[in-house]
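Understanding the architecture of this molecule
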Amino acid sequence: MRSNAMNRLLVAVAATAFLAACSSKPVEEDVVDDVEQSTVTAPVKGSESSKADYSHIPLTADGFHNHPSHYDGTTDTRIIYFAFDRSEVPAAAFDTLRAHAKHLRSTNNAKVRLEGHTDERGTREYNVALAERRSKAVEQFLRVQGVSSSQLQTVSYGEEKPQAKGSDEMSWAKNRRVELNYTAGRP
């Protein structure tokens, strides 16, 4: 009788832990260091510049993945940058990825290849796995937005196709990315 009650208690504790883990929200506090989001303003419609001027915000390797100049909230942006050794989609890229999701949902024949990349640090095996986690994170974001899995393909290149050739912080920051390459139904 006692072991029966203990088993029920263990099942209840496990179920509670599972439900608590499932209910967690994605982290959106990942913002550029030393920059208030409220200082970033978009241009007024009809103005000469179609893109906001972010030249007053320092472009450092630490905040590169979440720098507002990389993400315009449209399908024109096709590179998502990641923090060092991380595979979480940066909050600054959410609107851009939502724009891609909207296009993919409205264009049934559209297909996109999500190509994961890393910088040169780490072993080849580790970098291939990290690049795969990055491309899968973008895939998951798009799937949550209602994109069909048949429209998405993930590829992991690891460190094999660097965007920047240097071995410095800024070059590494440029190489930590997922590229969205449309193979059909381009926006």
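In what follows, the structure referred to is the one given above.
One structure accompanies this document, and this report is about it. The structure displayed is predicted, hence computed values, not measured ones.

Interhelical geometry of helix α2 (residues 94–106) versus helix α3 (residues 124–144) gives an angle of 60° and a closest axis separation of 9 Å. Classified by the angle between their axes, α2 and α3 sit oblique to one another. Here α2 and α3 pass one another in a crossing that is right-handed. Of α3, the residues touching α2 (which contributes F94, L97, R98, H100, A101 and L104) are V138, F141 and L142. Residue classes in the contact of α2 with α3 are distributed as seven nonpolar, one polar and one charged.

In this section: the packing of aromatic side chains. As enumerated under the stated definition, the model contains two aromatic pairs in all. With a centroid separation of 4.8 Å and an interplanar angle of 80°, the aromatic rings of F64 and Y81 are classed as edge-to-face. Linking F64 in the loop between α1 (2–22) and β1 (79–81) with Y81 in strand β1, this pair joins segments that are 17 residues apart in sequence. A relative accessible area of 8% means that Y81 is categorised as buried. Relative to F141, the ring of F94 lies with its centre 5.2 Å away and its plane at 35°, an arrangement referred to as tilted. A residue pair is termed long-range when its members are at least 10 positions apart, and F94 in helix α2 and F141 in helix α3 qualify at 47 residues. In this pair, the class of F94 matches that of F141, namely buried. Directly above the aromatic system of Y157 lies the positively charged group of K161, at a separation of 4.3 Å from the ring centroid.

We now examine the side chain of H100. Looking at where H100 falls in the secondary structure, it is placed in helix α2. Separated by 2.6 Å, the side chain of H100 and the backbone oxygen of T77 make a polar contact. When residues no more than four places from it in sequence are discounted, the contact partners of H100 are T74, T75, T77, R78, L142, L180 and Y182.

With 21 residues, α3 extends 30 Å from end C-alpha to end C-alpha; this agrees with the ideal 30 Å at 1.5 Å per step. Looking at the buried side of α3, the elements it contacts are α2, β2 (111–117), β3 (152–158) and β4 (177–184). Positive backbone phi, at 100°, marks G146, one or two positions downstream of α3.

It is worth spelling out the environment of E159 at this point. Mapped onto the elements, E159 comes out in the loop between β3 and α4 (169–175). The partly exposed category is assigned to E159, whose relative accessible area is 26%. Along the chain, E159 and G122 lie 37 residues apart, while their C-alpha atoms are 9.1 Å from each other. In this structure, E159 is in contact with T118, D119, E120, G122, T123, R124 and N127, ignoring residues within four places of it in sequence.

For the structure shown, the criterion picks out nine salt bridges. In this structure, R86 engages E88 in a salt bridge whose closest nitrogen and oxygen atoms are separated by 2.8 Å. R177 is the partner of E179 in a salt bridge, and the nearest nitrogen-oxygen pair spans 2.7 Å. Neither E179 nor R177 differs from the other in exposure class; each is buried. The network of salt bridges with shared partners includes D119, R121, E169 and R176.

Quick notes on the rules
Residues numbered from 1 in each chain as written. Predicted model: local features only at pLDDT ≥ 70, side-chain atom pairs only at ≥ 80, totals over all residues. Heavy atoms only, no water. Axes fitted to C-alpha atoms, helices over the stretch in contact; angles between N-to-C directions. Helix = DSSP H or I, 4+ residues; strand = E, 2+ residues; numbered from the N terminus. Parallel < 35°, antiparallel > 145°, perpendicular 65-115°, else oblique. Left-handed = near helix turned anticlockwise from the far one by under 90°. Contact = heavy atoms within 4.5 Å. Nonpolar A, V, L, I, M, F, W, Y, C, P; charged D, E, K, R; others polar. Phe/Tyr/Trp six-rings, centres within 6.5 Å; stacked < 30°, edge-to-face > 60°. Buried < 20%, exposed > 50% of the residue type's maximum accessible area, 1.4 Å probe, protein only. Lys NZ or Arg CZ within 6 Å of the ring centre and 35° of its normal. Polar contact = N/O pair within 3.5 Å; in protein donor to acceptor, adjacent residues only side chain to side chain. Expected span 1.5 Å × (residues − 1). Salt bridge = Lys/Arg side-chain N within 4 Å of Asp/Glu carboxyl O.

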